[in-house]
Amino acid sequence: MRTVVIAFVANLLVAVAKTIAAFVTGSASMVAESAHSWADAGNEIFLLIAERRSVKKIDGSHPRGYGREAYVWSLFAAVGLFTAGAVVSIQHGIQELSNPEESSDQIVAYIVLAIAFVLEGFSFVQSYLQAKKTAEARGMGTLHHVLGTSNTTLRAVFAEDAAALIGLVIAFFGVFLHQVTGNAVFDAVGSILVGVLLAIVALVLIDRNRRFLVGEPASADVRRRIVGLLLERDDVERVTYLHLEFVGPERFFLVASIDLTGNDREVDVARELRRIATDLEQSPYIADAVLTLSTPDETSLTA
């Protein structure tokens, strides 16, 4: 939540500054950057809603919780980034190519871009440190963790802040080359490149949210860990089937077939399965667990 709030405040301040600079200078790149920042600021509101709604407690109508709300609202944010950021930037750049306008007061653009880089950089460092800490704890690279994590708000803030920093560099060169050469084409191309950058980021975020909404399975490493946890129990002899599906950020729906130790009566077996499932659901990572009995001919899974 802190990461999202920091990103929202930074984007809001930057959006206001860029909009003023765009009006003063008439730069196409600054127009693209202001659209970018307004889209980012709006997206943070969606992400804040995602954070709040996804942690609602399990109830009768949602026995596996509201975790997927995070992916719904993050999907809205990604679509907003594409339409309000990418499309506007590309469209304005194309218009500028066909009808170039002179820009002035470039010093204002440089000052705003420098301030924006500091604010966006602070927000990016916050999201990077959060991602790096979790990635190191899980023994993987930071970028690999960001792309694969079920924490959609972290991925969105990280991607948007990284795109913002790259976009600021593109805008700087667009304004600078326009000023040096007197050719507005450079400024227009800068606007188009910012739009293309936003479109790529938005499409990646849309695809990741789509995957989790339709049922993203757990990684092979997580599956092995869960099998190992089950086999560590004295009341579980073997595991023959395991299904782990994300139902929210770092929350799973678990289905497993297990072979219990001993040969108890049917009623005792039913109670034992329910007890093991209840134990599993005490984990903050398991939203719901369903266990069935294995048949003798099924192949055992190993940790």
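No experiment lies behind these values; they were computed from the predicted model shown.

Enquirer: So what's going on with the pattern of salt bridges? Residues and values would help.
Expert: On inspection of all chains with the given rule, the structure shows 17 salt bridges. We note a salt bridge from E136 to K132, for which the minimum N-O separation is 2.4 Å. Within this pair, E136 and its partner K132 are both found in helix α4 (residues 106–137), separated by 4 residues, close to a single helical turn. Overlapping salt bridges bring together R233, D235, E272, R275 and D279 as one network.

Enquirer: Requested: an account of the sheet that holds strand β3 (residues 286–293), with residues and values cited.
Expert: Reading across the sheet, the 3 strands line up as β1-β2-β3 and stay open at both edges, with mixed pairing between neighbours. Since the sheet does not close on itself, it has two edges, and those belong to β1 (236–248) and β3, each with one partner. If you compare each strand with its neighbour and ignore which way they point, the axes differ by 15° on average. Across 7 bridges, strand β2 (residues 251–260) lies against β3 in parallel orientation. When the sheet's bridge partners are listed, S257 is paired in β3 with T292. The sheet contacts of helix α8 (residues 220–231) involve β1 and β2, and relative to β1 the element is tilted by about 135°.

Enquirer: Explain the nonpolar core to me, and be specific about the residues and the numbers.
Expert: In terms of nonpolar packing, the biggest core is built from 24 residues, with L254, I258 and L291 touching the most fellow members. For this core, the secondary-structure elements that each account for two or more residues are α8, β1, β2, α9 (266–280) and β3. Not counting residues up to four positions away in its chain, the partners in contact with L254 are I226, L242, H243, L244, L280, I286, D288, A289, V290 and L291. Listed in part, the 21 residues of the second largest apolar core include A7, V157, A199 and V201.

Enquirer: An account of the layout of surface pockets is requested, with residue identities and associated values reported.
Expert: By volume, the largest pocket amounts to about 830 Å³. Along its surface, the largest pocket is lined by 28 residues, and R138, S219, V222, F246 and F252 are the ones closest to its centre. Considering every element that reaches the lining of the largest pocket, the biggest residue donor is α8, with 6 residues. Looking at the lining of the largest pocket, its residues break down into 15 nonpolar, 7 polar and 6 charged.

Rules used in this analysis
- Residues numbered from 1 in each chain as written.
- Predicted model: local features only at pLDDT ≥ 70, side-chain atom pairs only at ≥ 80, totals over all residues.
- Heavy atoms only, no water.
- Salt bridge = Lys/Arg side-chain N within 4 Å of Asp/Glu carboxyl O.
- Helix = DSSP H or I, 4+ residues; strand = E, 2+ residues; numbered from the N terminus.
- Pairing = 2+ DSSP bridges.
- Axes fitted to C-alpha atoms, helices over the stretch in contact; angles between N-to-C directions.
- Contact = heavy atoms within 4.5 Å.
- Core = buried A, V, L, I, M, F, W, Y, C linked by side-chain atoms within 4.5 Å.
- Buried < 20%, exposed > 50% of the residue type's maximum accessible area, 1.4 Å probe, protein only.
- 1 Å grid on protein atoms, 1.4 Å probe; cavity = no way out; pocket = protein on both sides within 12 Å on 5 of 7 lines; lining within 4 Å.
- Points joined across faces, edges and corners; volume = space filled by probe spheres on them.
- Nonpolar A, V, L, I, M, F, W, Y, C, P; charged D, E, K, R; others polar.

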